[in-house]
Amino acid sequence: MSQVTCDVTVSLDGFSASPNQSFDNPFGKGGADRLHRWMFEEAEANAEEIQAITAVNANVMGRNMFGPGRGEWDLDWKGWWGDDPPYHTPVFVLTHHPREPLEMQGGTTYNCVTDGIESALAQARAAAGDGDVAIAGGAETVRQYLAAGLIDELRVHIAPMLLGAGERPLDGVGDLKLEQLRVRSSSLVTHIVYRVSR
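Residues numbered from 1 in each chain as written. Predicted model: local features only at pLDDT ≥ 70, side-chain atom pairs only at ≥ 80, totals over all residues. Heavy atoms only, no water.

Asks: Hey, could you go over the pairing of strand E8 (residues 177-186) for me, with residue numbers and the actual values?
Replies: Note that E8 and strand E9 (residues 189-197) share nine bridges and pair antiparallel. Bridge assignment links Arg182 to a residue of E9, and that residue is Val193. Connecting the antiparallel pair E8 and E9 is a turn made up of two residues. (Pairing = 2+ DSSP bridges. Helix = DSSP H or I, 4+ residues; strand = E, 2+ residues; numbered from the N terminus.)

This is the structure we're talking about:
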């Protein structure tokens, strides 16, 4: 049965991004760009988790994850990842400003959704068919979906570092009922997978 998953990498003090995100600093200033070292420097040791992240059929993300721009779209901006983004699925971007679908190489198509998180999830589920849908981030998007009870499996990847400030994806989500399913680790990360009960 398909499910809604969410993978989020955080520092030991719970931050997934540093303050002052910009075009030059997608994760903000303060070291958050080092959170995801485990995916690249220890890819083999963390292959199971990387495969789980990429095994979905559709993604949902907030506009802040797509890019730091606000207001009307800069139509030259096509996301942080260049012409061949890593998603290779339909991606539904939460925004207040409409934009035509943006087809990229490798099967990624960005679809802007202006009518809320439930609509974005419904569109992602339709696009995914029998496959899973991932809530890809950023922090505010994760908070909204967790608070609304719309995530089935939460996968927290904890990097052994402290950021001290920034965006915390688990703040203000209420008293979640979490069932721990598994824990694994390497030198750069500890993975904890939870089933989220409603």
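We are not done yet, so read on.
Asks: Run through the pairing of strand E3 (residues 90-94), naming residues and quoting values.
Replies: With four of its five residues buried, E3 lies for the most part within the structure. Examined bridge by bridge, strand E2 (residues 58-62) and E3 share four bridges and lie parallel to one another. Considered in E3, the bridge of Val60 is made with Phe92. In this structure, E3 lies alongside strand E5 (residues 109-113), joined through five bridges in parallel fashion. Bridged to Val93 within E5 is Cys112. (Buried < 20%, exposed > 50% of the residue type's maximum accessible area, 1.4 Å probe, protein only.)

Asks: Tell me what's going on with the sheet that holds strand E6 (residues 133-137), and back it up with residues and numbers.
Replies: Reading across the sheet, the nine strands line up as E4-E5-E3-E2-E6-E1-E7-E9-E8 and stay open at both edges, with mixed pairing between neighbours. Each of the sheet's edge strands pairs with one partner strand only, and the pair in question is strand E4 (102-103) and E8. In the packing of helix H4 (residues 117-128) onto the sheet, contacts are made with strand E1 (4-11), E2, E3, E5 and E6, and the angle to E3 comes to roughly 175 degrees. Contacting E1, E2, E3, E6 and strand E7 (153-159), helix H5 (residues 139-147) runs over the sheet at an angle of about 135 degrees to E6. (Contact = heavy atoms within 4.5 Å. Axes fitted to C-alpha atoms, helices over the stretch in contact; angles between N-to-C directions.)

Asks: Can you break down H5 residue by residue, with the values?
Replies: Where H5 is concerned, the buried positions are Ala139, Thr141, Val142, Arg143, Tyr145 and Leu146. The elements touched by buried residues of H5 are E1, E2, E3, H4, E6 and E7. Gly149 sits one or two positions beyond H5 and adopts a positive phi of about 70 degrees.

Asks: Describe the side chain of His191, listing the residues and the values that go with them.
Replies: With respect to the secondary-structure elements, His191 resides in strand E9. Using a relative accessible area of 2% as the deciding quantity, one classes His191 as buried. In terms of polar contacts, His191 uses its side chain to reach the side chain of Asn46, at 2.6 Å. (Polar contact = N/O pair within 3.5 Å; in protein donor to acceptor, adjacent residues only side chain to side chain.)

Asks: Lay out the pattern of salt bridges in plain terms, naming residues and giving numbers.
Replies: Pairs may arise between side chains of opposite charge once their charged atoms sit close together. Under the counting rule described, the total for this entry stands at eight salt bridges. Across the salt bridge formed by Glu140 and Arg143, the nearest N and O atoms sit 2.8 Å from each other. Remark: Arg143 and Glu140 occur in helix H5; sequence separation between them is three residues, near one turn of the helix. According to the relative accessible area criterion, Glu140 is partly exposed, its value standing at 42%. Accessibility expressed as a relative area gives 16% for Arg143, which makes it buried. (Salt bridge = Lys/Arg side-chain N within 4 Å of Asp/Glu carboxyl O.)

Asks: Account for the side chain of Asp13, with residues named and values stated.
Replies: Mapped onto the secondary structure, Asp13 falls in the loop between E1 and helix H1 (37-41). Among the polar contacts made by the side chain of Asp13, one reaches the side chain of Ser11 at a distance of 2.5 Å. Once you skip the residues sitting within four places of it in the chain, Asp13 turns out to touch Met161, Leu162, Leu163, Gly164 and Arg168.

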